[in-house]
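Chains, contacts and geometry: an overview
Residues per chain are reported as follows:
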Amino acid sequence: MAEPVDFAQNLKQQADIVRVIGDYVKLRKSGAVNFTGLCPFHNEKSPSFSVHVTKQFFHCFGCGASGDVYSFLQKIDNISFPEAVKALALKLGVPMPKQAFSGPGEAADAALRGKLIDIHERATAFFQEQLRAPEAAKAREYLAGRGLDAENIARFRIGFAPDSGFALRDRVRGSFDDHVLRQSGLFSWKDRDTDPEGVNTPVANMYSRFRNRITFPICSEQGKVIAFTARTLETGEKAGPKYLNSPETALYSKSRVLFNLDKAKEVIRKVEYVILVEGQMDCITVFTSGFQNVIASSGTAFTETQVQLLKRFTRNIIVNFDPDTAGAAAAERSIAMLLEEDFDIRLVSLEPGFDPDLFIRKKGKDAYREVLGKPQRYFDWLIERALKMFPPRSPEARVKAINYLLPHIQRIPNAIVRDDVAKNAAQKFGIADQILRQQLRDAAGKRSGTIKSAQASGNTVAEKVLICALTDAANPELRQRAVEAVAAELHRGLNNESMIERLSSISLETDPMSLDWDDAQRQELAGVLIHGHEDVNEALLDETLYTLRQRRMEQRKRELNAEIAEAERRSDSGRLGQLLAELKQLEREQRPQ
Ligand code: UTP
Ligand code: MN
């Protein structure tokens, strides 16, 4: 069995860092060997985040974040190295060696999750099959009434949980251990509150959690069913909650999943924005009407994890639920969270009483396209709202309006946008710009996490060429000549003398970015690797070495002249003769051939 370290290294070689990072950051090709995008580790408007194709590392010239595919995964998903290895293996579909699990507990966990995925797959198929049974006539009618045809029912794998406590249980029992059934979230038992693990409850006493409901699978980002939400067909007291959801399981955590992200993610990337609706029925109707870049928050406020998840695909969002009504608190919190992550937020407000699902079914998708086409900027909406709440007829009202707006504006991470919004608000409220902006500046003072600007490199062209040649694994001859130049001390006196020396002593296989450089060196090296390589060839190296040699000779001449003066002073004629000979030789060499 492979050692974990070997496994990690092999895996890394199989991975394409551009594709892995591309799942999180929108990357554009910007050179023969590099891609750039907006850094996911700090807020920025113009891309200073680079990924090097052949050297397989990333580097941000804005915040200095840097590393290989594992450090990227560790940093972005806030996970440990072993977890990053696992995550990468999963992405590449490479099975993990058993030993690589850090303990038996973890291996058991992974095994359980695998089983839970299996049982959800089985349950999904079971519910789909049940939707075709005679018993499900009402359910089919209901779905037809909501405008769902067979194709879309199949696409979302919508099903029907029959009104039986045992049908599903008895179907899957033979294929799964009891503990898998207990932990699946698909079943319930009387004393679930006191015995959440079901250890005192035999599986025979367990019954289906979902009964007589339409089932909607909830999928992981990879499209695996990991939970269900199920809508009642009943109305009235006995119906229970309208939507019943799976509980948290080893597979499913509500706060980490976005409904429909698996189906929407590619389109979100393509059209560069996402539509956020509240309910899964809204989501399905919007999606099936041709707006496939839609996800649902499922009636609760966004969590930090969900925002981070979404950020990987876009930062442009059209929120299509009215933050003015029932779900207001959740919507406000979601929007606050998005603001802090520098999302461009726009709102679409439908007429009162309409949710997206109803709107499309009543007015059609063209009407929906039209409202989508003219969303309101979040801050315009907010200012309008403040104006409604505090008509600016008195100084007191203006103060109230400002106090209402300030905390929202403060959340904007980008100073330019913040200033712009403040200006706009000041104008609408009829307040002299400076006063409001001064207030804002005071209030927003704490948000000063200014981004260290990519520093102008103090490197000379010669240094860059040397560093490029020394790190050009694709061109060993070029590298050899650079190594010889370093041996001849041509690099002496350059800014990055010590770095160049070290680069000349490592093997071709060593990834130069993996060495323990200090921050400045790392920055320098990344800059050269990302922007330099394609332009460095034999001719440029020749020219560079010539310049360096000249420089070196000038330096040596100065040294010689000083030594000659000293020898003259001491009347050391022997030494003087030697030095003069060397000087003559130097001058001969320096003359162009
Ligand atoms: P709504 O009550 O607005 O329902 O809840 P809806 O989405 O319009 O549902 P339909 O059209 O009547 O089928 C909004 C969302 O809140 C969550 C669901 O995600 C729902 O889509 N919710 C609502 C629950 O989780 N449980 C509930 O009992 C009700
Ligand atoms: Mn609805």
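Only a predicted model underlies this, so the values are computations on that prediction, with no experimental measurement involved.

So, the overall build of the protein
A count of helices and strands for the protein gives 25 helices and 16 strands. Whereas a compact globule of 593 residues would reach a radius of gyration of roughly 25 Å, the protein reaches 33 Å, over 25% beyond that. In the protein, which comprises 593 residues, the proportion classed as buried is 48%. Of all intrachain contacts in the protein linking residues separated by at least 6 positions in sequence, the fraction that spans at least 24 positions is 63%. Accessible surface, the protein: about 29600 Å² in total, of which carbon and sulfur atoms supply 50%. Each charge class in the protein was averaged separately, 83 positive and 81 negative side chains, and the resulting centres sit 5 Å apart.

Focus: the packing of helix H24 (residues 538-569) against helix H25 (residues 573-590)
Two elements in contact, H24 and H25, have axes separated by 10 Å at closest approach and are oriented at 160°. Judged by the angle between their axes, H24 and H25 are roughly antiparallel. Here H24 runs over H25; the crossing is left-handed. When H24 is examined against H25, the residues Gln 550, Met 553, Glu 554, Arg 556, Lys 557, Leu 560, Asn 561, Glu 563, Ile 564, Ala 567 and Glu 568 are found in contact with a partner set consisting of Arg 575, Leu 576, Leu 579, Leu 580, Glu 582, Leu 583, Leu 586, Glu 587, Glu 589 and Gln 590.

Observations concerning helix H20 (residues 461-471)
Most of H20 is tucked away: nine of the eleven residues are buried. Among the residues of H20, Ala 462, Glu 463, Val 465, Leu 466, Ile 467, Cys 468, Ala 469, Leu 470 and Thr 471 are the ones counted as buried.

Focus on the site of ligand 1
Surveying the vicinity of ligand 1 reveals the residues Arg 146, Arg 231, Pro 241, Lys 242, Tyr 243, Asn 245, Gly 279, Gln 280, Met 281, Ser 298, Gly 299 and Asp 355. Side-chain polar atom of Arg 146 to an oxygen atom of ligand 1: 2.6 Å apart, as the coordinates give it. Within the contact set of ligand 1, an oxygen atom lies 3.3 Å away from a side-chain nitrogen or oxygen of Asn 245. Contact with the protein chains removes 73% of the 570 Å² of surface that ligand 1 exposes when unbound. For the shell around ligand 1, the class distribution of residues is three nonpolar, five polar and four charged. Taken domain by domain, the shell around ligand 1 gets at least three of its residues from each of domain 2 (105-252) and domain 3 (256-374).

A closer look at the packing of aromatic side chains
Enumeration according to the criterion identifies 19 aromatic pairs in this entry. Summarising the aromatic geometry, the rings of Phe 291 and Tyr 368 are spaced 5.3 Å apart at their centres and angled 70° between planes, so their arrangement reads as edge-to-face. Of this pair, Phe 291 sits in the loop between helix H11 (280-288) and strand E13 (294-296) while Tyr 368 sits in helix H15 (residues 365-373); the two residues are 77 residues apart in sequence, bridging distant segments of the chain. Pair check on accessibility: Phe 291 and Tyr 368 agree, each one buried. A centroid spacing of 5.9 Å and a plane angle of 25° characterise the contact between Tyr 378 and Trp 381, whose relative ring orientation is stacked. Placement of the pair is Tyr 378 and Trp 381 together in helix H16 (residues 378-389), with a separation of three residues, close to one helical turn. When sorted by exposure, Tyr 378 lands in the same class as Trp 381, which is buried.

Concerning the domain arrangement of the protein
For the protein, the assigned domains read domain 1 (5-92), domain 2 (105-252), domain 3 (256-374), domain 4 (383-444) and domain 5 (454-587). The C-alpha centroid of domain 3 is placed 26 Å from the C-alpha centroid of domain 2. Domain 2 puts 19 residues into the contact, and the matching count from domain 3 is 18 residues. Roughly 1600 Å² of surface becomes buried between domain 2 and domain 3 when both sides are summed, with 64% attributable to carbon and sulfur atoms. With a shortest N-O distance of 2.5 Å, Asp 357 and Arg 146 are connected by a salt bridge. Linking domain 2 with domain 3 are three residue pairs in polar contact (both at pLDDT 80 or more). Elements represented by at least two residues in the side of domain 2 that touches domain 3 include exactly helix H7 (150-155), strand E9 (213-219) and strand E10 (225-232).

Focus on unusual backbone geometry
Within the chain, Gln 56 stands out as a residue other than glycine whose phi angle is a positive 55°. Mapped onto the secondary structure, Gln 56 falls in the loop between strand E3 (49-52) and strand E4 (57-60).

Let's talk about the sheet that holds strand E6 (residues 159-161)
Read across the sheet, four strands follow the order E6-E9-E10-E11 without closing on themselves; strand pairing throughout is antiparallel. What marks the edges here is a single partner per strand, and that holds for E6 and strand E11 (243-245). Sheet twist, expressed as the average angle between the axes of neighbouring strands with direction ignored, equals 35°. Alignment of E9 against E10, held across seven bridges, turns out to be antiparallel. Bridge pairing in E10 places Pro 217 opposite Phe 228.

Digging into the side chain of Glu 221
Looking at the secondary structure, you find Glu 221 in the loop between E9 and E10. The buried category is assigned to Glu 221, whose relative accessible area is 16%. Not counting residues up to four positions away in its chain, the partners in contact with Glu 221 are Leu 261, Asp 262, Lys 265, Leu 309, Arg 312 and Phe 313.

Considering the confidence of the model for the protein
When pLDDT is averaged along the protein, the result is 85, and 90% of the positions lie at 70 or above. Counting interchain partners and residues more than four positions distant, the pLDDT-below-50 stretch residues 445-459 has 25 contacts.

Quick word on empty space enclosed by the protein
Across all of its chains, the model carries two cavities of 30 Å³ or more by this definition. One number sums up the size of the largest cavity: a volume of about 60 Å³. Lining the largest cavity, in full, are Phe 156, Ile 158, Phe 216, Pro 217, Ile 218, Cys 219, Phe 259, Asn 260, Asp 262, Lys 263 and Ile 284. Every element with two or more residues in the lining of the largest cavity is listed here: E9 and helix H10 (261-271). Looking at the lining of the largest cavity element by element, the count peaks at four residues for E9. Looking at the lining of the largest cavity residue by residue, the classes come out as eight nonpolar, one polar and two charged. Three or more residues apiece are contributed to the lining of the largest cavity by two domains, here domain 2 (105-252) and domain 3 (256-374).

Reading the values: the criteria
Residues numbered from 1 in each chain as written. Chains lettered and ligands numbered in written order. Predicted model: local features only at pLDDT ≥ 70, side-chain atom pairs only at ≥ 80, totals over all residues. Heavy atoms only, no water. Helix = DSSP H or I, 4+ residues; strand = E, 2+ residues; numbered from the N terminus. Rg over C-alpha atoms; globule rule 2.2 N^0.38 Å. Buried < 20%, exposed > 50% of the residue type's maximum accessible area, 1.4 Å probe, protein only. Contact = heavy atoms within 4.5 Å. Areas by Shrake-Rupley, 256 points an atom, 1.4 Å probe, with all protein chains shown as cover. Lys, Arg positive; Asp, Glu negative; His and termini not counted. Charge placed at Lys NZ, Arg CZ, Asp CG, Glu CD. Axes fitted to C-alpha atoms, helices over the stretch in contact; angles between N-to-C directions. Parallel < 35°, antiparallel > 145°, perpendicular 65-115°, else oblique. Left-handed = near helix turned anticlockwise from the far one by under 90°. Near = heavy atom within 4 Å. Polar contact = N/O pair within 3.5 Å; in protein donor to acceptor, adjacent residues only side chain to side chain. Nonpolar A, V, L, I, M, F, W, Y, C, P; charged D, E, K, R; others polar. Domains from an automatic or database assignment. Phe/Tyr/Trp six-rings, centres within 6.5 Å; stacked < 30°, edge-to-face > 60°. Buried area = accessible area lost by both parts, 1.4 Å probe. Salt bridge = Lys/Arg side-chain N within 4 Å of Asp/Glu carboxyl O. Pairing = 2+ DSSP bridges. pLDDT = per-residue confidence, 0-100. 1 Å grid on protein atoms, 1.4 Å probe; cavity = no way out; pocket = protein on both sides within 12 Å on 5 of 7 lines; lining within 4 Å. Points joined across faces, edges and corners; volume = space filled by probe spheres on them.

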